[in-house]
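Chains, contacts and geometry: an overview
The primary structure of each chain is shown beneath.
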Amino acid sequence: QVQLVESGGGLVQPGGSLRLSCAASGNRFSIYAMGWYRQAPGKQRELVAAITRGGSTNYADSVQGRFTISRDNAKNTVYLQMNSLKPEDTAVYYCNAPLSRGSTRVIFDWGQGTQVTVSS
């Protein structure tokens, strides 16, 4: 079973940037599409960015043009570069492998997530 460890969150001012990392254990990481999800207080978890095995990406409308997902299969790591951050981006961010395209149903157990807080 793959285990996921997210890192890189923190407190940032509006307009700032953060880069999140998700390290996966195991040796089959490269066969999975991966996604970054977030959950704000009182809201459902949502998929904000996804990347296929081959590197094709897609984004939620709310982050299109501001966030960039990437992966390094040699390091078993997926990244989320977040620019032009807004207060509404505040949430706990998680990575996981979506069960199907665009799905919030996932393959692995959730990690602990990393908190992103955008505030002045």
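Quick note: structure is the one above.
Now for a look at the structure at hand.

Conventions and cut-offs
- Residues numbered from 1 in each chain as written.
- Predicted model: local features only at pLDDT ≥ 70, side-chain atom pairs only at ≥ 80, totals over all residues.
- Heavy atoms only, no water.
- Salt bridge = Lys/Arg side-chain N within 4 Å of Asp/Glu carboxyl O.
- Helix = DSSP H or I, 4+ residues; strand = E, 2+ residues; numbered from the N terminus.
- Buried < 20%, exposed > 50% of the residue type's maximum accessible area, 1.4 Å probe, protein only.
- Core = buried A, V, L, I, M, F, W, Y, C linked by side-chain atoms within 4.5 Å.
- Pairing = 2+ DSSP bridges.
- Axes fitted to C-alpha atoms, helices over the stretch in contact; angles between N-to-C directions.

Inspection of the entire model under this criterion finds 3 salt bridges. A salt bridge links Asp-89 to Arg-38; its shortest N-O distance comes to 2.9 Å. One end of the pair, Asp-89, is in the loop between strand E8 (77-82) and strand E9 (91-96); the other, Arg-38, is in strand E4 (residues 34-39), with 51 residues separating them in the sequence. Among the residues examined, Asp-89 registers a relative accessible area of 0% and is labelled buried. By relative accessible area, Arg-38 is classed as buried at 6%. Connected via shared salt-bridge partners are Arg-38, Glu-46, Arg-66 and Asp-89.

Ranked by internal contacts, the top residues of the largest apolar core, which has 31 residues, are Met-34, Trp-36, Val-78, Leu-80, Met-82 and Tyr-93. Elements represented by at least two residues in this core include exactly strand E3 (18-24), E4, strand E5 (46-51), strand E7 (67-72), E8, E9 and strand E10 (114-118). Top contributing element to this core by residue count: E3, with 4 residues.

Pairing is antiparallel in the open sheet, where 4 strands are placed in the order E1-E3-E8-E7. On the outer flanks of this sheet lie strand E1 (4-7) and E7, each paired with one strand and no other. Going across the sheet, the axis of each strand differs from the next one's by a mean of 15°, ignoring polarity. The sheet contact formed by E7 and E8 spans 6 bridges and is antiparallel. Following the sheet pairing, Ser-70 is matched in E8 by Tyr-79.

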